[in-house]
Each structure stands twice: as structure tokens, then as C-alpha cells.
Amino acid sequence: QVQFVESGGGLVQLGGSLRLSCAASGIIFNTNVMEWYRKAPGKQREWVATITSIGSTEYADSVKGRFTISRDNAKNMVYLQMSDLKREDTAVYYCNGRAPNWSVGSRYMAWGQGTQVTVSS
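A few points on the structure. (Residues numbered from 1 in each chain as written. Predicted model: local features only at pLDDT ≥ 70, side-chain atom pairs only at ≥ 80, totals over all residues. Heavy atoms only, no water.)

### Some details on the packing of aromatic side chains
- Taken as a whole, this structure holds four aromatic pairs when the rule is applied.
- Pairing Phe-4 with Tyr-108 gives two aromatic rings, centres 6.0 Å apart and planes at 55°, and the pair type is tilted. Highlighted residues: Phe-4 in strand E1 (residues 3-7) and Tyr-108 in the loop between strand E9 (91-98) and strand E10 (115-120), separated in sequence by 104 residues.
- According to the relative accessible area criterion, Tyr-108 is buried, its value standing at 13%.
- With 5.9 Å between their ring centres and 85° between their planes, Tyr-94 and Trp-111 make a pair best called edge-to-face. Here Tyr-94, found in strand E9, pairs with Trp-111, found in the loop between E9 and E10; they are 17 residues apart in sequence, far enough to count as distant.
- The side chain of Arg-71 reaches across the aromatic face of Phe-29, ending 4.6 Å from its centre. (Phe/Tyr/Trp six-rings, centres within 6.5 Å; stacked < 30°, edge-to-face > 60°. Helix = DSSP H or I, 4+ residues; strand = E, 2+ residues; numbered from the N terminus. Buried < 20%, exposed > 50% of the residue type's maximum accessible area, 1.4 Å probe, protein only. Lys NZ or Arg CZ within 6 Å of the ring centre and 35° of its normal.)

Below you can see the structure in the form of C-alpha cells.
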């Protein structure tokens with residue numbers, strides 16, 4: 001079955017950096033668009049970044065220039081390098097995917113447990 005397992009979160013100081021990892025299984029990884037999302041307390045889940053099967057990337061305006069998404073197709077892994085972290089980056093971070101020919105906004109129904117990122121001063 002489809003499964004996403006996120007890791008790498010933690011407590012980090014304002015301006016610090018973290019690298020999140022996501023292991024995907026149950027999908028043909030190298031053909032999928034992969035994405036990171038986050039959910040802050042009291043807010044809806046929001047899209048953070050996308051990487052296509054050929055490595056093209058796109059970012060939410062709020063993280064552009066600070067976050068970098070990457071993937072390792074040999075390991076079925078997607079990463080999110082976060083730097084210059086701000087308080088508003090505090091959230092649970094999730095990854096998900098989009099199969100070929102799925103419309104933008106489509107995702108697998110399965111979600112992982114996420115990984116908590118807390119930015120403190």
C-alpha cells in the first residue's frame with residue numbers, strides 16, 4: 001500500500017536550519033511528482049514545495065529562497081532543506097505524491113504521521 005514516512009523534524013532556533021526526509025513506498029516513485037505540505041496549529045494544511053519527476057521545482061512564496069526540495073529516485077526519498085527558519089514555519093510537515101496524468105492538486109489519500117518542526121527564539 002502507499003506509505004509516506006517523514007522524519008528529521010525537531011526544535012530549532014530562529015534563523016536555524018533543518019533537513020526533512022520522506023521515504024515513499026507503494027508508488028512508482030521515479031514517475032511521481034513529490035510535494036511537501038505543512039499544517040500549523042489552527043490552520044489548514046498548506047502546500048510548501050513541489051519537485052517533478054525530472055527535478056523541476058516550485059515553492060510557496062512564503063518559503064521561496066529559504067527552502068530547497070530535492071529527491072533521490074534510487075532511494076525513493078524526497079528531502080526538504082530548510083534554512084533561515086522563522087516562527088511561522090512551525091508546523092507538522094508532510095510529504096505526498098502525484099501520479100503521472102493526475103491533475104494538479106491531486107494527491108494520494110494516504111498521509112504519513114508527519115514530522116514536527118518547532119522554531120523558537
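So much for the structure itself; the text now carries on.
### Some points on unusual backbone geometry
- Its identity is not glycine, yet Asn-76 carries a phi of approximately 55°, on the positive side.
- Looking at the element boundaries, Asn-76 is found in the loop between strand E7 (67-72) and strand E8 (77-82).

### A word on the environment of Met-109
- Topologically, Met-109 is positioned in the loop between E9 and E10.
- Distance from Met-109 to Thr-57, taken between C-alpha atoms, is 23 Å for residues 52 residues apart in sequence.

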